[in-house]
Every structure is written in structure tokens, then in C-alpha cells.
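Here are the chains, one letter per residue:
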Amino acid sequence: MPRFSYRARTQQGELTEGVYDAATLENVANELARQGLIPVRIEPVSGGLVGASSAIDFKEITKRWQKVGLDELIIFCRQMHALSKAGVPIISALAGLRASTHSELLAETLTDVTRRLEGGVSLGVAMRPHSKIFDHLFVAMVMVGENTGRLDDVFEQLAANLELERETRKRVTQALRYPMIVVAAILTAILVINYYVIPAFSSVFAKFGAELPVPTKILVASSNFMLNYGWLVLGGAVLLVYGFLHWKKTPEGNYHWDRWKLKIPIVGPLLNLVALSRFARNFAMMIRGGLPITQALGLVAESLDNGYLGKAIADMRTGIERGDTLLRTATATGLFSPLIIQMLSVGEETGNMDHLLTNVADFYDQEVEYALKRLAEAIEPILLVFMGIMVLVLALGVFLPMWDLSSVALGKH
């Protein structure tokens, strides 16, 4: 059956395109009309037959794993701010940025956005299909900038917000780098000891027939278990991880996991502070942009990347829609400290909500700094104690029987 590519518009004027298999061009037009779409262009795809063999496009497969980094997105926002402020038309600005970007995925995305703009839609609508790069909050802010004529200010706010996000991620990564390296080294040492060191020593001890001390018996038993059942342990771990990831993708699993990880000792409070800082800063940016509080809360709830906190923020929106105040709904969540509640109260009374929310975000950022320092200070002693215990058991298990080898060799035992 022939294959046709089409471009059509929805009832709202949005441009859409795709490929459809049909016997004739008229059948494609009728199907689009049945779906409520207005055809703009329909043309046959050369050599396009259903079931026809085609080569595997490895480039397309690779694109699914590509991402646009924060650095590229920040540069894009900064450049769009400068070009918009200078009065450069959006299509021309996007064409220039498409040619200068080092990200192939971003370049292709800007090409598609430009094509949609040429089709007559707004910039926000053109960005909306690319949600992996431009999230809901990003698109909403762009649409606000277009409606208010402050697109340059919006891109400046987005760039500043993304820069703060990048700095937070860097601080968290730096704080966790040393513990992760130590843990990786410990796991590697355990595997080497169990698979190579202990078997060599146990064969030596077995030749002398000496009675092994308890630490040595523990090491030998651990080594034998890893040698005989290591593949079962690995397979079970893989199945466990797969099952956990599958469960986490479900709405209920994602909600419970996001709630539980906030209660993890040492790490949980840090994750909570990072999420609340993101909430306050994004909420302030949306309010400053002119969005209604309810719409801003809905968008911010989606941007938190935490189902449990997102539901709490969404409940705040529901309460406000029912006529409750921001202060009471925020208090009911139990997420915010009394100081933050007080600042929200003052902001609601004075109408200076965006400024006070920015102060709240700065406060949370300082708390994140302190939490990161406490995290490093708390994890390092735990790792040192664990390494000390491991070295002690290894030393006792290996050297205790060696002290008796001389006497065993002389026949005293």
C-alpha cells in the first residue's frame, strides 16, 4: 500500500505532520478530515510501501539517547535574550543559533521550531512538541513573554534559573564524588579478595590441615559462596533492579519512591531542600512573568521531578481554586518551615510575592550549602569505619593462621 506524508493544521491552528498509509491521496485527506485536521500538503513518499524492507537508521536510534545539556540550554537562552533585546526577528535569530550550536539535537530541534514558526504558529506553540528539551515551565514562560512583549526578559530569567540549577547540581555532584569513589574502591577490593586472594590462602591453609580461626572461616565461606553462587547473586541483583525500575515507572510506585527517598537519613533532607529551592525560584519566576497563581502552581508542580512534592503543590492549587488562601494551603502541606510560611503570608498581603519567594529560594540555597557540608562530614566517618572493619577482618583472617603455620609445619599441632 502506498505511503503519504502530510502536513495539516488543527482547529486551533497548530501545525502537525506525519506519515499515513492509504490506497489513494483522497483517502488520506478524508482520514485527516475525520480527525478534525485541515490538510495543508499531502504527497506520496517515494518507495514507501508497507512491509518494504529498509535499512536500520542507527543515527535515529542514537538520537533517542541524546540530550541537550544545561550548558547548551543556558547559552541558547542568553543568546535569545540578546537577540530579542536587539530587535532581531525570531526566525532570523533561531537560524543563526542553529548554525552556531554544537549540539546536533538542539540544531535539529531549532530547525523544526523554525519550520513551525514559518507555518504561522507562535514560538511557545512551536516549542511545545519538544518537551524533552523545552519543558512545560519553559514553554509557559515563553508564551507569557510573547503575550506581554517581554520575551527578552523571559529568556534572561530562564537563563538565570538554569544557571542556578546547574550550580546546585555541581555542588551535589562534588559532595557525592568522594563517597562514590570510596564505595567503588571498597566493592572492587571485596570482589578481588573473594575471587583471587582468599582462594589462594585457603589452599595453603588446607595443605597444613590447621584449625582455622573464626575470621578466616568467615572469609573462606564468603569466598566460596561468591565463587559458587556469584552468578546467581548477579542475576538476582539484575532482576531486582529491573523490577524496581519497572515499579518506579508506575504512578503509585513513583509517588511512594519519591516520598521514601526524602526520608533517607542524611541524604533525604538534602533532596528536600533542593526540591523546595527549585519550587520557590520557579514559582517566583512564574509570578513575576504574570501568570495566575493557580496556573503557576500547576506548572511548578510538574517541574519538581518529585511525585510526592508535586502532589502536595498540586493540592495547594486545588485548595486555592476552592477559595482558600495560599498561606493556609501551604501550611496544610507540612512542607515549609515557619519562617517560610511567614514570608509567604507577608508576600500574599503586600502583593510582593515574587520578591519574597526569591528570598525564600536564596534561603533554601544557603541551607543546601550547609546540608552539603554536613553530608560530606557525616559520610566520611562512616566510610572510614566501614573500611577499617573490612581491613581488620581481612588482616585477622589472613594473618592469624599464618602465625600458626610455623608450629603446624613442625608438627606441634
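As the structure is a computational prediction, the values presented were derived from the model and not from experiment.

Participant: Give me the lowdown on the packing of helix α12 (residues 293-303) against helix α13 (residues 307-321), citing residues and values where you can.
Facilitator: In the contact formed by α12 and α13, the axes pass within 8 Å of each other and the chain directions differ by 165 degrees. Judged by the inter-axis angle, α12 sits roughly antiparallel to α13. For α12 against α13, the interelement crossing comes out left-handed. Here Ile 293, Thr 294, Leu 297, Gly 298 and Ala 301 of α12 lie close against α13, whose contacting residues are Gly 310, Ile 313, Ala 314, Met 316, Arg 317, Ile 320 and Glu 321. Of the residues that constitute the contact of α12 with α13, the class distribution is seven nonpolar, three polar and two charged.

Participant: Go over the side chain of Thr 109, please, and point to the residues and values.
Facilitator: Mapped onto the elements of the fold, Thr 109 is located in helix α5 (residues 104-118). Look at Thr 109 and you get buried, because its relative accessible area is 4%. Engagement of the side chain of Thr 109 in a polar contact is seen with the backbone oxygen of Leu 105, the distance being 2.8 Å. If near-sequence neighbours (up to four positions away) are discounted, Thr 109 is found in contact with His 130, Ile 133 and Phe 134.

Participant: Go over empty space enclosed by the protein with me, naming the residues and quoting the values.
Facilitator: A full pass over the atoms with the stated rule returns two cavities of 30 Å³ or more. Approximately 30 Å³ is the volume found for the second largest cavity. Together, Val 144, Thr 148, Arg 150, Asp 153, Val 154, Gln 157 and Gly 289 line the second largest cavity. When residues of the lining of the second largest cavity are traced back to their parent elements, those giving at least two are α7 (136-148) and α8 (151-208). In terms of residue count, α8 provides more of the lining of the second largest cavity than any other element does, three residues in total.

Participant: Before we move on, could you go through the packing of aromatic side chains and cite the residues and values that matter?
Facilitator: Applying the stated rule across the entire model yields twelve aromatic pairs. A centroid spacing of 5.1 Å and a plane angle of 40 degrees characterise the contact between Phe 134 and Phe 138, whose relative ring orientation is tilted. Judged by relative accessible area, Phe 138 falls into the buried class, the value being 3%. When the centroid spacing of 5.1 Å and the interplanar angle of 85 degrees are considered together, the rings of Phe 244 and Trp 257 count as edge-to-face. In this pair, Phe 244 is assigned in helix α9 (residues 214-249) and Trp 257 in helix α10 (residues 251-261), connecting sequence segments 13 residues apart.

Participant: An account of the nonpolar core is needed here, citing residue identities and associated values.
Facilitator: If you look at the biggest cluster of nonpolar residues, it comprises 83 residues, and the most contacted ones within it are Phe 76, Met 127, Phe 138, Phe 155 and Phe 336. The residues touching Phe 336, leaving out its near neighbours within four places in the chain, are Leu 276, Phe 279, Ile 313, Met 316, Ala 330, Ile 341 and Tyr 364.

Participant: Let's hear about a nonpolar patch on the surface: which residues, and what values?
Facilitator: A grouping of Leu 191, Val 192, Tyr 195, Tyr 196 and Leu 227 is seen on the molecular surface, where their side chains present a nonpolar patch of about 480 Å² in accessible area. Sorting elements by how many residues they give to the nonpolar patch places α8 first, with four residues. Its place among the elements puts Tyr 196 in helix α8. Here Tyr 196 falls in the exposed class, since its relative accessible area comes to 61%.

Participant: Give a detailed account of the pattern of salt bridges, specifying residues and quantitative values.
Facilitator: With the rule as written, the count across this model stands at 16 salt bridges. Across the pair Arg 281 and Asp 365 runs a salt bridge whose closest N-O atoms are separated by 2.6 Å. A residue pair is termed long-range when its members are at least 10 positions apart, and Arg 281 in helix α11 (residues 267-289) and Asp 365 in helix α16 (residues 353-409) qualify at 84 residues. Across this residue pair, the class does not change: Arg 281 and Asp 365 are buried. Linked by salt bridges that have partners in common, Glu 17, Asp 112, Arg 115 and Arg 116 make up one network.

Participant: Kindly report on helix α14 (residues 326-333), identifying the contributing residues and their values.
Facilitator: For α14, the set of buried residues is Leu 326, Thr 329 and Ala 330. Viewed end-on, α14 has its buried residues packed into an arc of 100 degrees, placing them on one side of the element.

Participant: An account of the confidence of the model for the protein chain is needed here, citing residue identities and associated values.
Facilitator: On average, residues of the protein chain score 80 in pLDDT, and 89% of them are at 70 or above. Averaged pLDDT values for the elements of the protein chain fall to 48 in helix α2 (residues 58-63) and rise to 90 in helix α3 (residues 70-85). This stretch, residues 47-61, has a pLDDT under 50; its non-local contacts, to residues over four places away or in other chains, come to eleven contacts.

Participant: I'd like to hear about the layout of surface pockets, residue by residue, with values.
Facilitator: Taken as a whole, the largest pocket spans an internal volume of roughly 1,900 Å³. Along the walls of the largest pocket sit 50 residues, with Leu 70, Lys 132, Asp 135, Arg 169 and Asp 305 positioned nearest its centre. Breaking the lining of the largest pocket down by element, the ones donating at least two residues are α2, α3, α5, α7, α8, α11 and α12. Its residues assigned to classes, the lining of the largest pocket shows 21 nonpolar, twelve polar and 17 charged. Looking at the second largest pocket, the residues that line it are Ile 190, Ile 193, Asn 194, Ile 218, Leu 219, Ser 222, Ile 389, Met 390, Val 393 and Leu 394. For the lining of the second largest pocket, the secondary-structure elements that each account for two or more residues are α8, α9 and α16. The greatest single-element share of the lining of the second largest pocket, amounting to four residues, is contributed by α16. Tallied by class, the residues present in the lining of the second largest pocket amount to eight nonpolar, two polar and no charged.

The rules behind these values
- Residues numbered from 1 in each chain as written.
- Predicted model: local features only at pLDDT ≥ 70, side-chain atom pairs only at ≥ 80, totals over all residues.
- Heavy atoms only, no water.
- Axes fitted to C-alpha atoms, helices over the stretch in contact; angles between N-to-C directions.
- Helix = DSSP H or I, 4+ residues; strand = E, 2+ residues; numbered from the N terminus.
- Parallel < 35°, antiparallel > 145°, perpendicular 65-115°, else oblique.
- Left-handed = near helix turned anticlockwise from the far one by under 90°.
- Contact = heavy atoms within 4.5 Å.
- Nonpolar A, V, L, I, M, F, W, Y, C, P; charged D, E, K, R; others polar.
- Buried < 20%, exposed > 50% of the residue type's maximum accessible area, 1.4 Å probe, protein only.
- Polar contact = N/O pair within 3.5 Å; in protein donor to acceptor, adjacent residues only side chain to side chain.
- 1 Å grid on protein atoms, 1.4 Å probe; cavity = no way out; pocket = protein on both sides within 12 Å on 5 of 7 lines; lining within 4 Å.
- Points joined across faces, edges and corners; volume = space filled by probe spheres on them.
- Phe/Tyr/Trp six-rings, centres within 6.5 Å; stacked < 30°, edge-to-face > 60°.
- Core = buried A, V, L, I, M, F, W, Y, C linked by side-chain atoms within 4.5 Å.
- Patch = residues over 30% accessible without salt bridge, like charges linked within 9 Å, V, L, I, M, F, W, Y side chains within 5 Å.
- Areas by Shrake-Rupley, 256 points an atom, 1.4 Å probe, with all protein chains shown as cover.
- Salt bridge = Lys/Arg side-chain N within 4 Å of Asp/Glu carboxyl O.
- Arc of directions from axis to C-beta.
- pLDDT = per-residue confidence, 0-100.

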